Amino acid sequence: MKYTFTLCFLAAINFLTVAQENHKPTDTRLQGMDSLMNKILKDQNVAGFSVAIIEGDQVLYSKGFGYRDVENKKPVTPNTLFAIGSSSKAFTSGLLGMLQKEGKLSLDGNAVSYLPQLRFFNDNMNNQITVRDMMTHRTGLSRYDLSWYIFNTSNRDSIINRVRYMEPNAGIREKWQYNNYMFLAQGMIAEKLTGKTWEQNIKERFFLPLDMNRSTTSVLEFEKDPDASLPYKTEGNNVKKMDYYNIDGMGPAGSINSSANDMANWVKLWISKGKYNGKEILPGSYVAEAASSQMVRDGGLPSAIPDIYMNNYGLGWMIGSYRGHYQVEHGGNIDGFSASVSFFPSDKIGVVVLTNQNSSEVPEIVLNSIADRFFKLKTIDWNGKALQEREENKKKEELAKKSKLVKDIPNTKPSHPLKDYTGLFANPAYGQIDISVKNDSLFAKMGKYSFWLKHSYYDVFNLREVEKDGKADTSESSMKINFAGDLDGKISSLSSSLERGMKETIFTSIPRLVKLDLKTLEQYVGEYMLGKILTKVSVRGNTLYIYVPGQQEYETVALGAHAFKIKALDGFSVKFEINDKRKSESMLFIQPNGSFKAMRKEK
């Protein structure tokens, strides 16, 4: 299965390069820069990208290469908008840095006290996790990315409610684990404390004072912009257009769209320790904290490049080094776009790279190549290394396919007819999976995604993504689901490994609810005798209620086929028997301890 955020292995294709300045640069560090960018554009088979190089409060280099619209051959310019993905995180954390200076919160204050609708898996987490813990990815939660990415919604309250069901796999502050939900929570804290949306805060506190007049937080605005890039992915030798992906619900974690020129102003702010054109925008004390190590990501020991070391995290920034130079950086990836925003505080150098290639290596290649030149280091062919590593990875992938650890077991078949696997399956930390059958195959619907369930063995199926044209991916997927039954032999759940280092996630079968009109509901209204007990069925609005003497009046939800689930009682439902006159004759109470029939009492 190919997820749109999965790294593509790319081949070469030629594209025209558009550079906005053709004269020879006077800065020797920039000589040959256009040629290098052209070569990267060609070798990495990318539709287009833009670059800005900043020194102090000056932009030394700002250019676009390739196309923002391949089909219509519209060139990338330094003002072309790209989605910057997780490079947005430093903006969101910056809001809280401002609010701390204003006395509205403390970064070391309890997180849930600032956002009551935020709740974690247990009381210890609720009591102990601070705002800073969320900013530094050290809450004990793993990524849970499929939760928001596949089961997408614009409702932030709905998304943040999922956190309480996310089981930690590490102790608080024990381990660095990237989690986008924690940046959504920060954005929502800013909303609560200011009375303004995250989008309004970003615009008023950053875009306007930093002259980032091209930037936006809305995909809808982004799409309408005359100089906005289209999103692309590479398949074989072909560059293929993708759809924009609206993640406004998770916006504070990564929904900013910007240009190289606008992002250059953002980088100037950080190089100048929170000031822009001499005016303080971010508190200098916060800038120092954010650009300093707050949490160790891993050991960061020297490896292939012996003088690249340190691998830590600040506040919305990755903290590391590049060949002896202190580096602050954050990348970003979302459907059809990749980005890198970085600065070297001691050197007062910043680099912005934005591209319209899905899960691209281009931002890192361009960044490292520029750093080599500006720091006058022995040049490393990062472009060539990427091409070589890609070929090696292809070979490793082929080898892995041949020697996969879990092999299909031949001559096995599902334990049930395919229709028995259909229905809704839900997990509160994720969402609902809708399983249906078509012809001789099972299909799963998750959010906007559709999958073909190819049988592997027994009740295990392999997920293959179905594209918009209706064709299913034919390559083997690493994602499988396993159906399980209850003591009655009915399919009651499915499970899948969605998170690395976590136990399998279980989706439990839930009733498929239907809506019934008032006329249909009225056929069930009346009095029924359950032995000597008189029960009453009534309708209010478009809801059926059942009253049992000595108990509460029970609200029901319709399941179809004359069946209703009792909303307040798990495992309890009723089913009506209908005569030829479209009127119920009896009502069957279905309970864990058995089924009991109540006959209609005739007047």
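Structural data are supplied above this passage.
Residues numbered from 1 in each chain as written. Predicted model: local features only at pLDDT ≥ 70, side-chain atom pairs only at ≥ 80, totals over all residues. Heavy atoms only, no water.

**Some details on the overall build of the chain**
Helix and strand counts for the chain come out as 15 helices and 31 strands. A principal-axis box enclosing the C-alpha atoms of the chain has dimensions of 100 × 60 × 45 Å. Buried positions account for 52% of the 603 residues belonging to the chain. Once the 78 positive and 68 negative side-chain charges of the chain are each reduced to a mean point, those two points are 2 Å apart. (Helix = DSSP H or I, 4+ residues; strand = E, 2+ residues; numbered from the N terminus. Buried < 20%, exposed > 50% of the residue type's maximum accessible area, 1.4 Å probe, protein only. Lys, Arg positive; Asp, Glu negative; His and termini not counted. Charge placed at Lys NZ, Arg CZ, Asp CG, Glu CD.)

**What to know about the environment of N161**
Looking at where N161 falls in the secondary structure, it is placed in the loop between helix 7 (156-160) and helix 8 (181-194). For N161, a relative accessible area of 30% gives the class partly exposed. Separated by 42 residues in the primary sequence, N161 and R119 place their C-alpha atoms 7.3 Å from one another. In this structure the side chain of N161 is engaged in a polar contact, spanning 3.0 Å, whose partner is the side chain of R164. (Polar contact = N/O pair within 3.5 Å; in protein donor to acceptor, adjacent residues only side chain to side chain.)

**A short note on the sheet that holds strand 16 (residues 423-426)**
Pairing in this closed barrel of eight strands is antiparallel, and the strands run 16-17-18-19-20-21-22-23 around the ring. Adjacent strand axes in the sheet meet at a mean angle of 35 degrees, parallel and antiparallel pairs treated alike. Where strand 17 (residues 432-438) and strand 18 (residues 441-446) come together, five bridges link them in antiparallel fashion. When the bridges of strand 18 are listed, K438 appears paired with S441. (Pairing = 2+ DSSP bridges. Axes fitted to C-alpha atoms, helices over the stretch in contact; angles between N-to-C directions.)

**Points about the packing of helix 8 against helix 9 (residues 198-207)**
Put simply, helix 8 and helix 9 touch, their axes get as near as 9 Å, and they point 80 degrees apart. Looking at the two axes, helix 8 sits roughly perpendicular to helix 9. Every residue of helix 9 that contacts helix 8 at G187, A190, E191 and T194 is listed here: W198, E199, N201 and R205. For the contact of helix 8 with helix 9, a count of residues per class yields two nonpolar, three polar and three charged. (Parallel < 35°, antiparallel > 145°, perpendicular 65-115°, else oblique. Contact = heavy atoms within 4.5 Å. Nonpolar A, V, L, I, M, F, W, Y, C, P; charged D, E, K, R; others polar.)

**Points about unusual backbone geometry**
The phi dihedral of R323 falls on the positive side, at around 50 degrees, and the residue is not glycine. In this structure, R323 sits in the loop between strand 12 (318-322) and strand 13 (325-334).

**Quick look at helix 2 (residues 89-101)**
Spanning 13 residues, helix 2 covers 19 Å between terminal C-alpha atoms, matching the ideal 18 Å at 1.5 Å per step. Judged by how many residues are buried, helix 2 sits mostly within the fold: eleven of 13 residues are covered. Once helix 2 ends, the next one or two residues include G103, with phi positive near 80 degrees. (Expected span 1.5 Å × (residues − 1).)

**Quick word on the packing of aromatic side chains**
Summed over the entire model, instances satisfying the criterion amount to 35 aromatic pairs. Where W266 meets W270, the ring centres are 5.7 Å apart and the plane angle is 70 degrees; that geometry is what we call edge-to-face. Taken as a pair, W266 and W270 lie in helix 11 (residues 260-271) at a separation of four residues, close to a single helical turn. The exposure classification of W266 matches that of W270, with both residues buried. Aromatic ring contacts, followed pair by pair, group F91, F206, F207, W266, W270, Y286, W317 and F343 into a single cluster. We note K448 situated over the ring of Y245; from NZ or CZ to the ring centre the distance is 3.7 Å. (Phe/Tyr/Trp six-rings, centres within 6.5 Å; stacked < 30°, edge-to-face > 60°. Lys NZ or Arg CZ within 6 Å of the ring centre and 35° of its normal.)

**Some points on the sheet that holds strand 26 (residues 543-547)**
Strand order in this closed barrel of eight strands is 24-25-26-27-28-29-30-31, and the pairing throughout is antiparallel. Going from strand to strand, the sheet's axes swing by 30 degrees on average, the running direction of each strand aside. Judged from the three bridges that link them, strand 26 and strand 27 (residues 553-560) form a sheet pairing that is antiparallel. Paired with I546 across the bridge in strand 27 is Y554.

**With respect to helix 8**
In a regular helix each residue adds 1.5 Å, so 14 residues correspond to 20 Å; helix 8 covers 20 Å between its end C-alpha atoms and thus fits that length. When you tally the buried positions in helix 8, you get eleven out of 14 residues, the bulk of the element. By the burial criterion, the buried members of helix 8 are Y181, M182, F183, L184, A185, Q186, G187, M188, I189, A190 and E191. At the C-terminal side of helix 8, G195 shows a positive phi close to 75 degrees.

**A closer look at the pairing of strand 27**
The antiparallel pairing of strand 26 with strand 27 creates a hairpin that spans five residues between the two strands, and G550 there sits at a positive phi of about 85 degrees. Summarising the sheet, strand 27 and strand 28 (residues 563-566) pair through four bridges and their orientation is antiparallel. Residue V557 lies in a different strand from strand 28, and its bridge partner there is K565.

**Structural notes on the packing of helix 2 against helix 9**
Contact geometry for helix 2 and helix 9: axes closest at 10 Å, N-to-C directions at 75 degrees. It follows that helix 2 is roughly perpendicular to helix 9 by the angle criterion. Seen from helix 2, the contacting residues are F91, T92, G94, L95, M98 and L99; seen from helix 9, they are W198, N201, I202, R205, F206 and F207. When grouped by side-chain class, the residues that make up the contact of helix 2 with helix 9 number eight nonpolar, three polar and one charged.

**Comments concerning the pairing of strand 30 (residues 584-591)**
The pairing of strand 29 (residues 573-578) with strand 30 spans six bridges and is classified as antiparallel. The residue of strand 30 that forms the bridge with V574 is F589. The loop that links strand 29 with its antiparallel partner strand 30 comprises five residues; one of these, R582, has a positive phi angle of about 60 degrees. Where strand 30 lies against strand 31 (residues 594-600), six bridges are found, and the strand directions are antiparallel. Looking at the pairing, M587 lines up with A598 of strand 31.

**Points about the environment of T136**
Looking at the secondary structure, you find T136 in the loop between helix 5 (131-135) and helix 6 (145-149). The class for T136 is buried, based on a relative accessible area of 0%. Along the primary structure T136 and L588 are separated by 452 residues, whereas in three dimensions their C-alpha atoms are 55 Å apart. Excluding anything up to four places from it in sequence, T136 contacts W176, Q294, M295, Y313, G314 and L315.

**Remarks on the pattern of salt bridges**
A complete count under the given rule lists 27 salt bridges for this structure. Ionic pairing is found between D108 and R132, a salt bridge with its closest N-O pair at 2.7 Å. Here the residue D108 occupies a position in the loop between helix 2 and helix 3 (111-114), and R132 occupies one in helix 5, the gap between them amounting to 24 residues. A relative accessible area of 48% means that D108 is categorised as partly exposed. A relative accessible area of 9% places R132 in the buried class. With its nearest N and O atoms 2.9 Å apart, the salt bridge here joins R173 to D133. Taken together, the residues R173 in the loop between helix 7 and helix 8 and D133 in helix 5 connect sequence positions 40 residues apart. Through salt bridges with shared partners, one network takes in D27, R29 and E55. (Salt bridge = Lys/Arg side-chain N within 4 Å of Asp/Glu carboxyl O.)

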